[in-house]
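Coordinate inspection notes
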Amino acid sequence: MKKLVILRRRKLGMSSAKGIAEFSQTGIRWVRNDMEVTPQPQEDEVCIRWGCTSNVASKNVINTAKSIHQVCDKTGFRQQLKHMELAPMTWFSDEDVPHNVLVNSGVIVRPYKHAQGRQLYFCQDLKSLREAWDKCRGGYISQFVEKDREFRVYVVQGRAVAVAEKIPEDKKAVAWNHALGSTFENVRWNDWPLQAVRKSIEAFNVSDLDFGGVDVMIDGDGTAFIIEINSAPSLTSEYRQQCMAKAFDHIAEHGKARIPLIKEKGGYLKFIHPAIEPKAKVQHEPA
C-alpha cells in the first residue's frame, strides 16, 4: 500500500490536514511546504496537494498543480461551467450584460481570483456595474440568484464523500461565506439534495481535480447552480475529516481513477463514494 503525505502551504489547511492524518488507517502524514525540519514528500510517496502548487519530488500526485490552477482561475473555470450550463448566467464584459437582468435581478461582479467572499460586488445599475468592472476587469459578471439554500459537496474521484449545508447569519446576505459568519452543518445521506449533488459532481468532472469542495446553491424554485470549486476545502468537523481520510485511504489501496456515475436509479447510493458506504452503486468490471 502506498504512503500518502498531505502538502499544505502556510496559513492553509492545518486543522484539516491534521484531522485527516489522525483518522487515516494508512498512516497519512502532513507537512507544510516551507518547513525544512520535516521531510518534504519523497519520490516514493503519494503527495496530496492541499491547495499547494510547490514543486515536489513525488511522482504520484493527488490534485496536480495544473488542476489547482485550473479551478483557482475563477474566470476560466466559470467559462467551462457556463458551457456546461451548470452556473448562473455569466458574462465576461460589462457591455454584454442585458439591461433587464441588471435592473431586475442584479448581478455579481468578481475578479478572476478571489476567496472568502472578498471582492464581491452586487450591482443593479449601470454606474455601479462599470465601477465594479473597472476593479475586476478580467473577471466575470454573474446574474444574481436569490438563494434559498447553499451546500458544499465534498467530492473525491467523482463521488461525494460528504455534504454540508451553509447556515448564514443573514439569509438575505449576498455571500454566505464561512469567513463572514456562516456555519456548516453535516447533511445526512438520506437528506442529500440530489440535484445539487449531481450537478456538483458534473462540475467536478469538468475539472482535472482528484478531490475538491464544490459550492452549490439552490434557488426558491429548487434549481441548483454551481458557484465554484475549492481545491483546499475547509474540514471543520471530525465527521468530514473522517470521510476524507477514508477516501484517501481508498486511493492508497486502489489508485485515484475516477469512479463514474451510473444511469440506473439509486438515490444517494449512486453518488456516494464506496469508501464511505460499501453499498454504493458502482459499475464493476466484467469478470
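Since this is a predicted model, take the numbers as computed values, not measurements. (Residues numbered from 1 in each chain as written. Predicted model: local features only at pLDDT ≥ 70, side-chain atom pairs only at ≥ 80, totals over all residues. Heavy atoms only, no water.)

1. What to know about the environment of Glu85
- Examined against the element boundaries, Glu85 turns out to sit in the loop between helix H3 (74-83) and strand S5 (90-91).
- The exposed category is assigned to Glu85, whose relative accessible area is 69%. (Helix = DSSP H or I, 4+ residues; strand = E, 2+ residues; numbered from the N terminus. Buried < 20%, exposed > 50% of the residue type's maximum accessible area, 1.4 Å probe, protein only.)

2. Focus: the sheet that holds strand S2 (residues 29-32)
- The strand order across the open sheet built from four strands is S2-S1-S3-S4, with neighbouring strands paired in parallel fashion. The two strands at the open ends of the sheet, each matched to only one other strand, are S2 and strand S4 (60-62). With strand direction ignored, the average angle separating the axes of adjacent strands in the sheet is 30 degrees. (Pairing = 2+ DSSP bridges. Axes fitted to C-alpha atoms, helices over the stretch in contact; angles between N-to-C directions.)

3. A closer look at the packing of helix H1 (residues 14-23) against helix H7 (residues 238-254)
- Where H1 contacts H7, the two axes come as close as 8 Å, and the packing angle between them is 60 degrees. Considering how the two elements wind past one another, H1 and H7 form a crossing that is right-handed. Facing H1, whose interface residues are Ser15, Ser16, Gly19, Ile20 and Phe23, H7 presents Glu238, Gln241, Gln242, Met244, Ala245 and Phe248.
- Considered class by class, the residues forming the contact of H1 with H7 number five nonpolar, five polar and one charged. (Left-handed = near helix turned anticlockwise from the far one by under 90°. Contact = heavy atoms within 4.5 Å. Nonpolar A, V, L, I, M, F, W, Y, C, P; charged D, E, K, R; others polar.)

4. Observations regarding the pairing of strand S10 (residues 159-167)
- Of all the nine residues making up S10, eight are buried; the element is thus mostly covered by neighbouring parts of the structure.
- With six bridges joining them, strand S9 (residues 147-156) and S10 adopt antiparallel strand pairing. Across the sheet, Val153 pairs through a bridge with Val163, a residue of S10.
- In this antiparallel pair of consecutive strands, S9 and S10, the connection spans two residues, and Gln157 shows a positive phi of 60 degrees.

5. Thoughts on unusual backbone geometry
- For Asn63, which is not glycine, the phi torsion reads 70 degrees and is therefore positive.
- On the basis of relative accessible area, Asn63 is assigned to the buried category, the value being 0%.
- Here the phi dihedral of Gln157 falls at roughly 60 degrees; this positive angle occurs in a residue that is not glycine.
- Here Gln157 falls in the buried class, since its relative accessible area comes to 1%.

6. Digging into the packing of aromatic side chains
- Evaluation of the coordinates by the stated rule reveals five aromatic pairs.
- Relative to Phe144, the ring of Phe122 has its centre 5.1 Å away and its plane inclined at 70 degrees; by these criteria the two rings are edge-to-face. Placement of Phe122 in strand S7 (residues 121-123) and of Phe144 in the loop between strand S8 (140-143) and S9 is noted, with a sequence separation of 22 residues between them.
- Relative to Tyr268, the ring of Trp189 lies with its centre 5.6 Å away and its plane at 45 degrees, an arrangement referred to as tilted. Of this pair, Trp189 sits in the loop between strand S11 (183-186) and helix H6 (194-206) while Tyr268 sits in the segment after H7, placing them 79 residues apart in sequence.
- Assessed through its relative accessible area of 24%, Trp189 is described here as partly exposed.
- Residue classification places Tyr268 among the buried residues on the basis of a relative accessible area of 18%. (Phe/Tyr/Trp six-rings, centres within 6.5 Å; stacked < 30°, edge-to-face > 60°.)

In short, geometric facts, not functional conclusions.
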